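Listed here are the chains, written in short residue letters.
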Amino acid sequence: MAIKLKPEVEEQLIGSLRRYWKQEEGEDLGELRARMFLKFIIEEIGPGIYNKAIQDAQDYMQEKTSEMEISCYAEEHGYWAKQKRTRS
């Protein structure tokens, strides 16, 4: 699955890469090189991060649905048991 960013997000990331490069390397990173670097990061590293995020979301949802048995449980056929307690 290809990771597609919104244009405004891509522009922010390019700006962030350029700022990082200037701060860490002391050199300007041109816009074209920054775009190419971002494309590489998205294609090479992005899928691993995406897959981990999906796995984390699945684990979270499985945990929450397993808790439903406990938190959403209602006693069945409890009318007569309740009547016995109130008459005693």
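Data block above holds the structure.
Below is a short write-up of the structure. Small disclaimer: the values here were computed from a predicted structure and weren't measured. (Residues numbered from 1 in each chain as written. Predicted model: local features only at pLDDT ≥ 70, side-chain atom pairs only at ≥ 80, totals over all residues. Heavy atoms only, no water.)

**A closer look at helix α1 (residues 7-25)**
One turn of the α-helix equals 3.6 residues, which is why residues spaced by three or four share an orientation. Taking 1.5 Å per residue, 19 residues should reach 27 Å; α1 reaches 26 Å between its end C-alpha atoms and fits that length. Following α1 by one or two positions, Gly26 has its phi on the positive side, about 70 degrees. (Helix = DSSP H or I, 4+ residues; strand = E, 2+ residues; numbered from the N terminus. Expected span 1.5 Å × (residues − 1).)

**Focus on the nonpolar core**
Counting six residues, the largest nonpolar core consists of Ile14, Leu17, Leu29, Ala34, Leu38 and Ile42. Sorting the residues of this core by element identifies α1 and α2 (31-44) as the ones contributing at least two each. Considering every element that reaches this core, the biggest residue donor is α2, with three residues. The contacts of Leu29, once residues within four sequence positions are left out, are Leu17, Arg18, Trp21 and Ala34. (Core = buried A, V, L, I, M, F, W, Y, C linked by side-chain atoms within 4.5 Å. Buried < 20%, exposed > 50% of the residue type's maximum accessible area, 1.4 Å probe, protein only. Contact = heavy atoms within 4.5 Å.)

**Section: the environment of Leu5**
The residue Leu5 is located in the segment before α1 in this model. On the accessibility criterion, Leu5 (21% relative accessible area) is partly exposed. In sequence terms Leu5 and Ile42 are 37 residues apart; their C-alpha atoms lie 9.3 Å from each other. When sequence neighbours within four positions are dropped, the list of residues in contact with Leu5 reads Glu10, Leu13 and Ile42.

**Here we look at the pattern of salt bridges**
Tallied over the full model, the rule gives seven salt bridges. Here Arg35 makes a salt bridge to Glu31, at a shortest N to O gap of 2.9 Å. Of this pair, Arg35 and Glu31 both sit in helix α2, four residues apart, which is roughly one turn of the helix. What makes Glu31 partly exposed here is its relative accessible area of 37%. Of the charged contacts, one joins Asp56 and Lys52 as a salt bridge, the two residues approaching to 2.7 Å between their closest N and O atoms. Here the residue Asp56 and the residue Lys52 both occupy positions in helix α3 (residues 46-71), the gap between them amounting to four residues, near one helical turn. Residues joined by salt bridges that share partners form a network here, namely Glu10, Glu11, Glu31 and Arg35. (Salt bridge = Lys/Arg side-chain N within 4 Å of Asp/Glu carboxyl O.)

Functional significance is not addressed by these values, which are geometric in nature.
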